[in-house]
Amino acid sequence: MSVLEAAQERIARVFDDFPRVYLSFSGGKDSSVMLHMVAAEARRRGRRFGLLLIDLEAQYRLTIEHAEAMFAEYADVADPLWVALPLKL
């Protein structure tokens, strides 16, 4: 079994075992791949999932633009929660 197949199997198991699925998304490459995979499984099943982004208000503009694009792309299956937690010194 490939790494991709194993990941798909684990994501399917989460959808099998839990009535509500949530994904924490940072806008980085790893969480973007997970978002694509979770959204694909949700679409296959006609399910929705929670999508959480914790915005520390210190990310690069391109990261924010990517996050906005991903939220828009998966609006049909994702219930967004974008939480702003400003950094203070």
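Residues numbered from 1 in each chain as written. Predicted model: local features only at pLDDT ≥ 70, side-chain atom pairs only at ≥ 80, totals over all residues. Heavy atoms only, no water.

Caption draft 1: Spatial organisation of the packing of helix α2 (residues 29-45) against helix α3 (residues 61-73). Between α2 and α3, the least distance of the axes is 11 Å, while the angle of their chain directions is 5°. Looking at the two axes, α2 sits roughly parallel to α3. Of the residues in α3, those in contact with S32, L35, H36 and R43 of α2 are H66, M70 and E73. Taken together, the residues that form the contact of α2 with α3 break down as two nonpolar, three polar and two charged. (Axes fitted to C-alpha atoms, helices over the stretch in contact; angles between N-to-C directions. Helix = DSSP H or I, 4+ residues; strand = E, 2+ residues; numbered from the N terminus. Parallel < 35°, antiparallel > 145°, perpendicular 65-115°, else oblique. Contact = heavy atoms within 4.5 Å. Nonpolar A, V, L, I, M, F, W, Y, C, P; charged D, E, K, R; others polar.)

Caption draft 2: Inspection of the sheet that holds strand β1 (residues 22-24) at higher detail. Read from one edge of the open sheet, three strands run β1-β2-β3, paired in parallel fashion. Among the strands making up the open sheet, the edge pair consists of β1 and β3 (78-84). Strand-to-strand, the axes of this sheet are offset by a mean angle of 20°, without reference to chain direction. In the packing of α2 onto the sheet, contacts are made with β1 and β2 (49-55), and the angle to β2 comes to roughly 160°. In this fold α3 packs onto β2 and β3, with an angle of close to 155° to the strand it touches most, β3. (Pairing = 2+ DSSP bridges.)

Caption draft 3: Structural context of the packing of helix α1 (residues 3-17) against α2. In contact at an axis separation of 10 Å, α1 and α2 are set at 55° when each is read in the N-to-C sense. When the axes of α1 and α2 are compared, the pair comes out oblique. When you trace α1 past α2, the crossing you get is right-handed. Within the contact between the two elements, α1 uses L4, A7, Q8, I11, A12, F15 and D16 and α2 uses M34, M37, V38, E41, A42 and R45. (Left-handed = near helix turned anticlockwise from the far one by under 90°.)

Caption draft 4: Expanded view of the packing of aromatic side chains. Throughout the structure, instances matching the rule amount to two aromatic pairs. With 6.3 Å between their ring centres and 50° between their planes, F25 and F71 make a pair best called tilted. Taken together, the residues span a long stretch of sequence, with F25 in the loop between β1 and α2 and F71 in helix α3 at a distance of 46 residues. With relative accessibility at 2%, the residue F25 sits in the buried group. Judged by its relative accessible area of 13%, F71 falls in the buried class. Relative to W82, the ring of F71 has its centre 5.2 Å away and its plane inclined at 50°; by these criteria the two rings are tilted. Residue F71 is located in helix α3, and its partner W82 is located in strand β3; the two are separated by eleven residues in the primary sequence. (Phe/Tyr/Trp six-rings, centres within 6.5 Å; stacked < 30°, edge-to-face > 60°. Buried < 20%, exposed > 50% of the residue type's maximum accessible area, 1.4 Å probe, protein only.)

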